[in-house]
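So the chains spell out like this:
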Amino acid sequence: MVQLGRKQETESAAHKAARQAPVRKKAQWQLERDAKRLGVDDMTLLTSLTNQAINSNLKLRFDGDEIYSYIGHVLISVNPFRQLPLYGKDVLDSYMGRSRLEMPPHVFAIAESAYKQMIGYNQNQCVIISGESGAGKTEAAKKIMSYIATVSAGSSSSSIQHVKDMILATNPLLESFGNAQTLRNSNSSRFGKYLEILFDTQGAPVGAKITNYLLEKGRVVHQVAGERNFHIFYQLCQGAEDEWRNEFGLGAPEHYTYTAMSNTFTIQGVDDVEDYQQVMHAMQIIGLNRDEIREIHRVICAILWLGNIMFEEAQNGEDAVVSDYDPLNSAAFILQVAPEALTKAITTRYVETQRGMRKGSAYEVPLNVSQAGAVRDALSKALYSKLFDWIVQRLNVALQQVATAHLNIGILDIYGFEIFENNSFEQLSINYVNEKLQQIFIELTLKAEQEDYVREGIAWTPIDYFNNKIVCDLIEEKRPPGVFSLLNDACATAHADPEAADKAFAQRLGGMQNAHLEPRGASFLIKHYAGDVYYDISGMTDKNKDQLSKDLLNLVSGSSSNFLTSLFPEKVDQNSKKRPPTASDLMKSSAVALVHALMQCNPHYIRCIKPNERKAARDYDDSLCAHQIKYLGLLENIRVRRAGFAARNPFEQFIERFFLLSRQTCYAGELIWNGDAKTGCVAILKDSCIDKSEWQLGKSKVFIKSPETLFALETLRDRYWQIMAIRIQRAWRRYQQYRGECASLIQRAWAEYRGLSVPVHMRDLGHDLLGGRKERRRFSLIAYRKFMGDYMNLAEPSGAIIREAAQLPSQELIIFSSPCEILHTRLLRSSKATPRIIIMTDSSIYLVVTKIENNIAVQRQDRKIPLSMISGMTMSNLQDNWLMIHVNDADDLAVNVDFKTELATYISFQTKKKARMDIAPGGQLILNDRKGKKKGTINIVKNEQAGQHTTLKKNTVQVASGADPSRRTNKKPKRKPRPKKLVNPNSKIGNRAARPPPATNRTPVKSNQAHSTPTQHSSTPAPPPPQTNGAVQPSNKYKVLYDFEKREETEMTITIDEVVTILNKENPNGWWLATNSSGEKGWVPNSYLEEVKQPMAAPPLPPKAAAPASTPVAVPRPAVGTTSQTTPTAKPRPAESHGSTPGIASATIGNMNAVAVFPGMGKPPVLRQTSTDSAGSSRSSENRPPSNSGSKGSVQPPMMPPRPVGNQQSLSASALNSRTSLHSTGSAQNSVTKSTNSQDWRSELNAALDGKGGGRVGKLANTISESGVNLGAPVPPPRPVGMDAGGAPARNVTKPSAPPKPSGPKPTIPSKPANLSGNPGRSVVRPPQAPPRPR
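Residues numbered from 1 in each chain as written. Predicted model: local features only at pLDDT ≥ 70, side-chain atom pairs only at ≥ 80, totals over all residues. Heavy atoms only, no water.

Student: Go over the overall build of the protein with me, naming the residues and quoting the values.
Tutor: Across its full length, the protein carries 33 helices and 46 strands. Each of the 1335 residues in the protein was classed as buried or not, and the buried ones make up 47%. Expressed as a percentage of contacts within the protein between residues at least 6 apart in sequence, the contacts between residues at least 24 apart total 66%. In the structure as shown, the protein presents an accessible area of about 67500 Å², 51% of it carried by carbon and sulfur atoms. (Helix = DSSP H or I, 4+ residues; strand = E, 2+ residues; numbered from the N terminus. Buried < 20%, exposed > 50% of the residue type's maximum accessible area, 1.4 Å probe, protein only. Contact = heavy atoms within 4.5 Å. Areas by Shrake-Rupley, 256 points an atom, 1.4 Å probe, with all protein chains shown as cover.)

This is the structure:
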């Protein structure tokens, strides 16, 4: 799993950081794998940088079946010489869309990286696979081709899928004709192949192109012991059809010289017959017809028969003659040439002489046995080489692009470096190509990278490495002449005699001065990057000429086979004196073209290592692998990678790729940057939170230090598109929803405009059919009840089984369907109700019964009643569901169905009211048989104890009273307003909570005099106080009663007496979304808040009448915490008020002061009551939020409920009493509110607490007073016990306890959330408990 962020923190630190402000983190990747690691995946992380450390790490991973490792972006592959479960479909799918660091090293990761970079950066890619012969290069190339063909786009297109199939079909075809078993490899590539897969702009393959290099055609005529010829020879001999065996005289491989000389015919674990079938299938995929396949078999069989032609000396002891003409005749027959012409071409040579500029004489020179055998082998090699080139050309024709190609991925699979006991021209050419590939690797990974750092002004310490360019120049240069130039000169000066040419070549090599060349007489040594190789000069010049004599060209051109002549398109010019290009010239030009093509692409490297020479599984040869590690330059590659940068991109390319990551460069997915490219790169990197140590800016490029940072940028870019896609999807869904709602609104309006829809119209017909004669069921009167008819959806495809069981004709229209019961009469026994399915069409009524046959439920048609035979219907006058259908000349049908009125309405409508509806007033339904005789009865009896669902028992059905028969369907209610969506405070997109409407500024009534209630001595009654509680405007302003500290990012800290604005109250868990005056948003517990009520402005009070002397005079109310007393004439309770405060109107009600609060006053005043205890001292009780005052009887200050830790303790007796009192208080408050219309219920309740009240309120008040519960404290909403909102253990928070009483021990408050403690006389109320966090 890959995460974007810093290294993992401990759980407590992470929880602490989550509650703090967000921190801009360094963008990097973290890699977590569950699998056990073997060694080091990326060897740039090795602690010791030595070849031995690299070798030990590769061996450790190889022993654990981990054959892949990384050096930065270079993949190191060790051939396991056995099949490993590393390439299944599940493994392939796991690498799709994943970055290189997310998954273990694998060849699929290289293929995914190449494909992803081609699409993302719009650059051509290439995969260069190098290594010794037998290191696994061919298998790696096959896996890459398979992966790209699988994951690339366009699989839905048949043409693109055909291209993919043809690309994969090239593998078995080219392997069969170009691969062979060698001493080092069972499937060694004996040719070079560069496959370019062409893609369109969408990443779909639209074609391919194959370029082949230097086929080892000498293998056709000669193999050493333990090796085989090309695979196709053995596959053809083992698996060819009988038709071709008879036509070409094909036999076993033991019968032919070219396949039997090495005495090796099979490969362990390889089935030649099965491989032959795959080759034939591949030929069909690429489009070869039957005739072309036959001609391919013709050429191969001709080569086999040519190899069986043997020579012997003639009687003169010099000339060569054919010893057995049977093979020659067979070869001539297959080649479709005359046997005499073939004999002459391989035993004689046509020679011309010249005298100055004049043409001389022509002679036919007989050849000796050795020369004749060489001519025969030359013809065989030429035929096979031309056939192989034709197959490659035919593949390119089949792989022609089906659309315009814009990009490509090249895969290079070429022969590896070879060192044999006897090395000749073939090994020199192969090793030369490997030197060129090594030069590309050095140029792009070591030399060019270091030069780029110096050129861009990046601080850099040069790293030494071996540059093999000197070896490449030694072989290919013209001035001074290299090995190939000296070889061509020797062939030109001594072209007639091969031995003389070889001597001339040896002499020229002796005159060269080069540190990497050592002439040794008949051989020479070249110090390659992979080791020293001795090359044998004998026969090298003749192989370099590689030209077919004019005699053989004339022979082929005279064949009657058009296919054979098409293989040699060059015309024979008898007078041409121009020297044809040599094999070294062709190899050099091909290598230069290959290097040029690779340098135009972004390279990806796979360095293959062969663990042993024996092709044995689980065998790791340390010395052999150490030698390969050294000459491959892995140590130098690690040093450059560790000291350098993972990626370097030009400024323009970097902005084009990552402009989405900065608001300065992107808007809505469009590039808006107009400044210089360098400044734009800095803006992108800074806005992406990339640490400065992870990047540097050169003169024209951006350098990224680690691959983790580069992948982090790619992840942020992908996430941007995902967010944009989500936005588009959200907008589209909103549009779809809006369009659907509009359509529904229009349809509803149109239906209402038309009057009534068909279901509603049929429902009204049902009312008319009953005519107010039958009691109605409650369900039939609801407004949304409509006659829908087909309740079982039998008209849909899902009802096909029941339609088939009922034997419904396809032309009949289903009108009604429902489960039901019918009355089944029994002789001398009570009738019973049996289940059925009733179906009504436009012509008949069908009954379907379900029976058990052979333990299987089977549905069959039980009865069919044509509508034309129905004479009438009968129902009772009660609310039962039984309907009696009378049928002419047949038994009546008694059916119990929930939709009996609907069924009867449809029957009446379809029969055009011929089936009349009768109501049996006595509640007795009579069932008659076909003769009109009584067959059974159903007595409907009224019983008020009966439920809604009634059953038939002893021919009796008991029902309760129904609704009035004359009632019709209720009116349709108005639609409920749609609930508002919850606002997610974490979302920055779409979080637009609606602002509350501005409060209306109402002018409060100013009064400088407090009003008291009239007494019995008052002559003029004073007006009642303004009814503030009854006319309060809804408000979204709330005052904070208790302090609350946020613990998560989605919460908001609030303090006491702070006023917050509520944005959302729809969370059912007790949390509200609020905002404070500074604009901060977050969730707060609603139990910590009290609404700031905004009462309606009261009308101005009339002038107060003069109070008599006996009336107590109201004095200004002192500040909070002080008291003021007056001594009235008649000992009433002293009144207390807030003095001359504008906006407050006070009136004495009984012994309490009722205070009205108007808008604009600020904090609401509190109600204070003053009484005298038995000792004569005054005590005051305020109805205010709990404070921190320490006076006796005050409420414990609120505290944030602790998150429980450990086991929850049980509630104490006082806590249970307090909870009971709280619930009792709630009911008392409701009852008091109902009983006092215009008075404040708190006034009466507080008066009752002083013993002045009576009745239920007084008794309840006594109970509350004894328990010591504060009426102003809210009841906390529930929170999960033991856990906080984030799922972490709750923390203990203990607030200061209440001050101790004058006597007795100091009470303690345990840190449990629901544990209340205190003295027996009173309870300490805990602060409200925060509810569970909303999710």
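Continuing now.
Student: How would you summarise the nonpolar core if you had to cite specific residues and measurements?
Tutor: Membership of the largest hydrophobic core comes to 178 residues, with the highest contact counts inside it found for F177, F233, L342, F505, F524 and I526. With 13 residues, helix α14 (residues 369-398) is the single largest residue contributor to this core. If near-sequence neighbours (up to four positions away) are discounted, F177 is found in contact with F230, I232, V279, M283, I296, I300, Y384, L387, F388 and I391. In this structure, I815, I838, L847 and I919 belong to the second largest nonpolar core, which totals 32 residues. (Core = buried A, V, L, I, M, F, W, Y, C linked by side-chain atoms within 4.5 Å.)

Student: Run through the packing of helix α13 (residues 339-347) against helix α20 (residues 550-557), naming residues and quoting values.
Tutor: Taken N-terminus to C-terminus, the directions of α13 and α20 make an angle of 165 degrees; their axes are 9 Å apart at the nearest point. In terms of axis orientation, α13 runs roughly antiparallel to α20. As for how α13 packs across α20, the hand of that crossing is left-handed. On α20, the residues that touch A341, L342 and A345 of α13 are D551, L552 and L555. Residue composition of the contact of α13 with α20, grouped by class: five nonpolar, no polar and one charged. (Axes fitted to C-alpha atoms, helices over the stretch in contact; angles between N-to-C directions. Parallel < 35°, antiparallel > 145°, perpendicular 65-115°, else oblique. Left-handed = near helix turned anticlockwise from the far one by under 90°. Nonpolar A, V, L, I, M, F, W, Y, C, P; charged D, E, K, R; others polar.)

Student: Lay out the pairing of strand β19 (residues 647-650) in plain terms, naming residues and giving numbers.
Tutor: Of the two faces of β19, only one is covered, namely that formed by A647 and N649; the face formed by R648 and P650 stays uncovered. In the sheet, β19 pairs with strand β23 (residues 701-704) via four bridges, with the strands oriented antiparallel. Its bridge partner lying in β23, P650 is registered against K701. (Pairing = 2+ DSSP bridges.)

Student: Give me the lowdown on the side chain of S876, citing residues and values where you can.
Tutor: Here S876 lies in strand β28 (residues 870-876). The residues contacting S876, other than those within four sequence positions of it, are K774, I919, A920, G923, L925 and I940.

Student: An account of the sheet that holds strand β33 (residues 934-942) is needed here, citing residue identities and associated values.
Tutor: With mixed pairing, four strands are arranged side by side in an open sheet as β32-β33-β35-β34. Edge positions in the open sheet fall to β32 (924-928) and β34 (952-953), since each of these has one partner strand only. Relative to strand β35 (residues 956-959), β33 is paired through four bridges, and the arrangement is parallel. If you follow I940 over to β35, its bridge partner there is V957.

Student: Break down the packing of aromatic side chains for me, with residues and values.
Tutor: Taken as a whole, this structure holds 25 aromatic pairs when the rule is applied. Judged by centre distance (5.0 Å) and plane angle (20 degrees), the ring pair of F230 and Y384 falls under stacked. Remark: Y384 occurs in helix α14 and F230 occurs in the loop between β9 (205-213) and α7 (231-239); sequence separation between them is 154 residues. The residues F230 and Y384 share a single accessibility class, namely buried. A cation over a ring is seen here: K143 above Y87, with NZ or CZ 4.5 Å from the ring centre. If you follow K1065 out to its NZ or CZ, it ends over the ring of W1072, 5.2 Å from the centre. (Phe/Tyr/Trp six-rings, centres within 6.5 Å; stacked < 30°, edge-to-face > 60°. Lys NZ or Arg CZ within 6 Å of the ring centre and 35° of its normal.)

Student: Tell me about helix α22 (residues 583-599), residues and numbers included.
Tutor: Between its first and last C-alpha, α22 extends 24 Å over 17 residues, near the 24 Å set by a 1.5 Å rise per residue. Within α22, burial applies to A583, S584, M587, K588, A591, L594, V595 and L598. The buried residues of α22 occupy an angular sector of 130 degrees when the element is viewed end-on, so they sit on one face. (Expected span 1.5 Å × (residues − 1). Arc of directions from axis to C-beta.)

Student: Mind laying out the pairing of strand β5 (residues 125-131), listing which residues take part and the relevant values?
Tutor: Summarising burial for β5: seven of the seven residues are buried, a large majority. Residues of β5 alternate between two faces, with Q125, V127, I129 and G131 on one and C126, I128 and S130 on the opposite face, all of them buried. The pairing of β5 with strand β18 (residues 602-609) spans seven bridges and is parallel. In the strand pairing of β18, V127 is matched with H604.

Student: How would you summarise the environment of Y350 if you had to cite specific residues and measurements?
Tutor: Mapped onto the elements, Y350 comes out in strand β12 (residues 348-355). A sequence separation of 16 residues divides Y350 from P366, and the C-alpha atoms of the two residues are 8.9 Å apart. Once you skip the residues sitting within four places of it in the chain, Y350 turns out to touch A362, Y363, E364 and D551.

Student: Could you give an account of the pattern of salt bridges, with specific residues and numbers?
Tutor: Tallying each qualifying case throughout the model produces 40 salt bridges. With its nearest N and O atoms 3.2 Å apart, the salt bridge here joins R376 to D377. On the accessibility criterion, R376 (13% relative accessible area) is buried. Two residues, D473 and K469, come together in a salt bridge whose shortest N-O distance is 3.0 Å. (Salt bridge = Lys/Arg side-chain N within 4 Å of Asp/Glu carboxyl O.)

Student: Tell me what's going on with the sheet that holds β19, and back it up with residues and numbers.
Tutor: Taken in spatial order, the three strands make up an open sheet running β19-β23-β22, and their pairing is antiparallel. At either end of the open sheet lies a strand with only one pairing partner, and these are β19 and β22 (695-697). Each neighbouring strand pair of the sheet contributes to a mean axis angle of 20 degrees, computed without reference to strand direction. Contacting β19, β22 and β23, helix α25 (residues 651-658) runs over the sheet at an angle of about 100 degrees to β19.

Student: So what's going on with helix α4 (residues 107-121)? Which residues, and what values?
Tutor: A rise of 1.5 Å per residue sets the reference length of α4, with its 15 residues, at 21 Å; its end C-alpha atoms lie 21 Å apart and thus fit the reference within 8%. Taken together, the buried positions of α4 are occupied by V107, F108, A109, I110, A111, E112, A114, Y115, M118 and Y121. Phi turns positive, to about 55 degrees, at N122, one or two residues after α4.

Student: I'd love a proper account of the confidence of the model for the protein, names of residues and values included.
Tutor: Regions with low pLDDT should not have their predicted coordinates read in detail. Of the residues in the protein, 71% have a pLDDT of 70 or more, and the chain-wide mean is 75. Here residues 1-35 is modelled with pLDDT under 50, and outside its nearest four sequence neighbours on either side it reaches 71 contacts, counting other chains as well. Between residues 1252-1257, whose pLDDT stays under 50, and residues either more than four places distant or in other chains, the model counts ten contacts. (pLDDT = per-residue confidence, 0-100.)

Student: Would you mind going over unusual backbone geometry in detail, with residue names and values included?
Tutor: The omega angle of the peptide bond from R479 to P480 is -10 degrees, so this bond is cis rather than trans. Structurally, the position occupied by P480 is in the loop between α16 (469-476) and α17 (483-493). For D65, which is not glycine, the phi torsion reads 60 degrees and is therefore positive. Backbone geometry at R618 places phi at a positive 60 degrees, although glycine is not the residue there. Owing to a relative accessible area of 54%, R618 belongs among the exposed residues under this scheme.

Student: Let's hear about the environment of K436: which residues, and what values?
Tutor: When you line up the elements, K436 lands in helix α15 (residues 425-456). Along the backbone, K436 and K469 are 33 residues apart, and their C-alpha atoms lie at a distance of 8.2 Å. If we skip the residues at most four places from it in the chain, K436 touches C472, E476, A591 and V595.

Student: Break down the side chain of S262 for me, citing the residues and quoting the values.
Tutor: You can see S262 is positioned in the loop between α9 (257-260) and α10 (272-285). Of the residues examined, S262 reaches a relative accessible area of 5% and is grouped as buried. Leaving out residues up to four positions away in the same chain, S262 has contacts with Q223, V224, A225, G226, E227 and R228.

Student: Describe in detail the environment of L893, supporting the description with residues and values.
Tutor: If you trace the backbone, L893 turns up in strand β30 (residues 893-896). Given a relative accessible area of 4%, L893 falls into the buried group. Sequence-wise, L893 and D929 are 36 residues apart; in three dimensions their C-alpha atoms are separated by 9.3 Å. With sequence-adjacent residues up to four places away left out, L893 is seen in contact with I822, L847, R863, I865, L883, M884, I885 and L927.

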